[in-house]
Amino acid sequence: MNIETTFFRLMPVHLQSRGAVATFFRPIPVQTEPGFDSFPPDTRSQDGLTNAIDIASFPEHTRSFVTLSQVSSSFFRPISVHSLVIHAYLCTGKLTNTSTDMAGTVKEMSLIKQVLQLKQRGESNRGIARQLPINKETVNGYMQTIEANGWKMEDLLQMDDPVLEGMFHAGSPAYTDERMKEFLRLLPYFREQLTNRKLHVTRQLLYEEYRKTHPDGYGKSQFYEHLKQNLVAQKDITTVLAMTYKPGEKLMVDFAGDKMPYIDPETGEVKKAEVFVACLPYSDYIFVCCVPSQRTEDFLFALRLCLEHLGGVPPIVVPDNLKSAVITPDRHEPGLNKALQDMGNHYGFTVLPCDPGEPTQKALVEDAVSITYNRIAAKLRGRGIVGLPALNKAVEEQNVMLNQTRMQKRPYTREERFHAMEKPELKPLPEQIFEMRYYADLKVQNNCFVELRHDKVTHFYSAPYAYVGRKAKVIFTRSWVKIYVDNQLVATHRRKHEYGYTHVPEHLASKSRAITERSAAYYIAWAGKRSEDCKAYVTEIFNPRRTGNPEEVYYRICGAIISSYRKYEGSLVDLTCRQCLENRVFTYKKFETILKNNYLHQADDEPGLFAPVPTDHANMRGNGYFK
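So, here is what we can say about the structure in this document. What you see is a predicted model, and the numbers here were worked out from it, not measured in a lab.

### Looking at the overall build of the protein
Step number 1: On a plain count of helices and strands, the protein comes out with 23 helices and 15 strands.
Step number 2: Within the protein, buried positions represent 36% of all 627 residues.
Step number 3: Expressed as a percentage of contacts within the protein between residues at least 6 apart in sequence, the contacts between residues at least 24 apart total 57%.
Step number 4: Here the protein has roughly 39,400 Å² of accessible surface; of this, 51% comes from carbon and sulfur atoms.

In structure tokens, the structure reads:
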């Protein structure tokens, strides 16, 4: 009995009657090399025979029909479709359909096109199912769908796979389900509970409540999916494509949420500085600096430093809706800060703030803030930096390292990209820097100063003494102060941010200058103009070898000497200076005593002066009149 007869007997009766033996398989000789085993080791005979099939590899009811001597290495090479039939029968004892797909599985569109092609050739549905790994009922369903919709097979074969899949597997919309109607009724309640952060309601809690009242409702996965789809559908989705920015077009600016600490050099207390972050979105070039606050003056100062660091001006600046930039936030026409508008006019850029509550419109600077935390602030933690200038210096060093570090997934650094693509596109900086201007109407006080109060700091600036009592218009910025009287500039000073006095000597009256200009050199120079005795005495008064006291201790005695020259003769004062120097007298009281004593002795040495007595005056009554 040969192998064909063996498998013929194994076939069901209805296949034997139809002559299935002729088409069951086609024997193809296989040439094998010596020692080649046609079957894996677990199917070989245990007695050492090669190229044989072990009896145990077949089901029990088939072993009697096959002997070891009847199977050799030139067995046959089964065709793929037939091999599935043989495998199915050998494993189950039954001939089954060749399709291995589960019921309800969406078929590949290429398989559907094969079905259509076979149908065009005149094959029956059963014949198509016999040749392809597809169930006959599935083929019947496809043909019924085509006939019901009036489709033409020629048109279907020309369609792309996604379009064809949408026609044959359109699916069933969820809104036709009764459960969806109930779900949509409850959706406003779900939305209210989830969006109210104070309630701390979770999806799991809502699902548990839903299942208690609707035991036949959606399961957990479907509940979550429909809830997600409906909540996302109500949002305004904004898509921002990467690398859609133009080189040098925009500068995005923002303040970081976390501040950076530093030690105040005057008080020793720890203060925290605001961190200003700017980013050019095309190259992702980052600039970082620290300022005392987010006030308009500090914000514009930081923006000015950024433009100077870039060495140019982009046409658009995109800030957040902070008060330093936007006074009245509005999606369509925001009210910009006047100072920021003035700065834009000075440098030649336009301010386009992002919409209120939409930080995604400046997403790259938001990423730059996160990078600042990780690459700069984290590296400077715990250093105990003293002073804001030192903090900015340390931040600048880390910022340079950040821009010079190779970026992930890119073959260049931020700095290389900036200089190659964006720096040439920036507009040049104006010759003069911009500083925010403030205005104040003040009065020139009797001491020739105007009192300027700003940022909780009071400082006095001088004006010419001729304008004492006059009204003055004071215009000041972060770095300078200008005083105008009658629309004429009368004084200019450097701005000081601490309590004190700033003056120009020429602005003060002579008496005030005499007080403010007092010094040892001043008094010695004045004494040299009077006499050599006076100069020698005053010089010895301030001699550091004689005394260790400060100079101010002897200002009074020098002032008394100056006053003495106005009350007494110069020679008398010179004599007193010479005597005090010889006797080592350097106090005001003793100098005054010696000076008065010299004056009295001088008066005694001079001859007395008596009035003449008239002898023949008519009005003289004489001694006899009184007797």
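That was the structure; now back to the text.
### Examining unusual backbone geometry
Step number 1: Phi at Asp-486 takes a positive value of approximately 55°, unusual for a residue other than glycine.
Step number 2: You can see Asp-486 is positioned in the loop between strand E13 (480-485) and strand E14 (488-494).
Step number 3: Despite not being glycine, Arg-584 shows a phi value in the positive range, around 60°.
Step number 4: Here Arg-584 falls in the partly exposed class, since its relative accessible area comes to 46%.

### Section: the packing of helix H20 (residues 532-541) against helix H22 (residues 570-582)
Packed helix pairs are specified by the crossing angle of their axes together with the interaxial distance, meaning the distance between the axes.
Step number 1: Look at H20 against H22: their axes get within 8 Å of each other, and the N-to-C directions meet at 40°. Judged on the interaxial angle alone, H22 and H20 are oblique. In the crossing of H20 with H22, the sense of the turn from one axis to the other is left-handed. Together, Asp-533, Cys-534, Ala-536, Tyr-537 and Glu-540 of H20 and Asp-574, Cys-577, Arg-578, Cys-580 and Leu-581 of H22 make up the contact between the two elements.
Step number 2: Looking at the contact of H20 with H22 residue by residue, the class counts come to six nonpolar, no polar and four charged.

### What to know about the pairing of strand E3 (residues 270-280)
Step number 1: In terms of residue burial, E3 counts as a mostly covered element, since eight of its eleven residues are buried.
Step number 2: Relative to E3, strand E1 (residues 250-255) runs antiparallel, the two sharing four bridges. Counted as the bridge partner of Asp-254 is Val-277 from E3.
Step number 3: Taken together, the four bridges between strand E2 (residues 260-263) and E3 define a ladder with antiparallel strand orientation. Within E3, the residue paired with Tyr-262 across the bridge is Lys-271.
Step number 4: Here E2 folds back onto E3 in antiparallel fashion, the turn holding six residues, of which Gly-268 has a positive phi close to 80°.
Step number 5: Summarising the sheet, E3 and strand E4 (residues 285-291) pair through seven bridges and their orientation is antiparallel. Paired with Glu-274 across the bridge in E4 is Val-291.
Step number 6: Connecting the antiparallel pair E3 and E4 is a turn made up of four residues, with Asp-284 showing a positive phi of about 65°.

### Re the nonpolar core
Step number 1: Among the nonpolar cores identified, the biggest contains 49 residues, and Leu-251, Phe-276, Phe-299, Phe-349 and Ile-483 are the most heavily contacted of them.
Step number 2: Here this core takes seven residues from helix H13 (residues 296-310), the largest share from any one element.
Step number 3: Setting aside chain neighbours within four positions, we find Phe-299 in contact with Val-253, Phe-255, Phe-276, Gln-294, Leu-322, Ser-324, Ala-325 and Leu-340.
Step number 4: If you look at the next biggest cluster of nonpolar residues, it comprises 27 residues, including Val-369, Ile-371, Ile-376 and Leu-380.

### Details of the sheet that holds strand E10 (residues 449-454)
Step number 1: The strand order across the open sheet built from three strands is E10-E11-E15, with neighbouring strands paired in mixed fashion. Strands with a single pairing partner mark the edges of an open sheet, and in this sheet they are E10 and strand E15 (500-502). When strand polarity is set aside, the average angle formed by the axes of neighbouring strands in this sheet is 25°.
Step number 2: For E10 and strand E11 (residues 457-462), the ladder comprises six bridges, and the chain directions are antiparallel. Across the sheet, the residue bridging to His-454 is Val-457, located in E11.

### With respect to the packing of aromatic side chains
Step number 1: Taken as a whole and judged by the stated rule, the model has 22 aromatic pairs.
Step number 2: Each ring, one from Phe-190 and one from Phe-223, has its centre 5.4 Å from the other, and the planes form 75°; the classification is edge-to-face. Residue Phe-190 is found in helix H10 (residues 178-195), and its partner Phe-223 is found in helix H12 (residues 220-233); the two are separated by 33 residues along the sequence.
Step number 3: The exposure class assigned to Phe-190 is buried, which follows from its relative accessible area of 3%.
Step number 4: Residue class for Phe-223 comes out buried when judged on its relative accessible area of 0%.
Step number 5: When the centroid spacing of 6.2 Å and the interplanar angle of 65° are considered together, the rings of Phe-276 and Phe-299 count as edge-to-face.

### Here's the deal with the sheet that holds E13
Step number 1: If you trace the four strands from one edge of the open sheet to the other, you get E9-E12-E13-E14, paired in antiparallel fashion. Two strands bound the open sheet, and with one partner strand each, they are strand E9 (438-443) and E14. Pairwise comparison of adjacent strand axes, ignoring direction, gives a mean angle of 25° for this sheet.
Step number 2: Where E13 lies against E14, six bridges are found, and the strand directions are antiparallel. What sits directly across from Tyr-484, in E14, is Leu-489.

### A few points about the state of the cysteines
Step number 1: Enumeration according to the criterion identifies zero disulfides in this entry.
Step number 2: Free of any disulfide, Cys-279 has its nearest neighbouring cysteine sulfur in Cys-306, separated by 9.8 Å.
Step number 3: Taking the relative accessible area as the measure of exposure, Cys-279 reaches 0% and is therefore buried.
Step number 4: Cysteine Cys-534 remains unbridged, with the sulfur of Cys-577 as its closest cysteine sulfur at 4.4 Å.
Step number 5: What makes Cys-534 buried here is its relative accessible area of 0%.

Conventions we followed
Residues numbered from 1 in each chain as written. Predicted model: local features only at pLDDT ≥ 70, side-chain atom pairs only at ≥ 80, totals over all residues. Heavy atoms only, no water. Helix = DSSP H or I, 4+ residues; strand = E, 2+ residues; numbered from the N terminus. Buried < 20%, exposed > 50% of the residue type's maximum accessible area, 1.4 Å probe, protein only. Contact = heavy atoms within 4.5 Å. Areas by Shrake-Rupley, 256 points an atom, 1.4 Å probe, with all protein chains shown as cover. Axes fitted to C-alpha atoms, helices over the stretch in contact; angles between N-to-C directions. Parallel < 35°, antiparallel > 145°, perpendicular 65-115°, else oblique. Left-handed = near helix turned anticlockwise from the far one by under 90°. Nonpolar A, V, L, I, M, F, W, Y, C, P; charged D, E, K, R; others polar. Pairing = 2+ DSSP bridges. Core = buried A, V, L, I, M, F, W, Y, C linked by side-chain atoms within 4.5 Å. Phe/Tyr/Trp six-rings, centres within 6.5 Å; stacked < 30°, edge-to-face > 60°. Disulfide = S-S within 2.5 Å.

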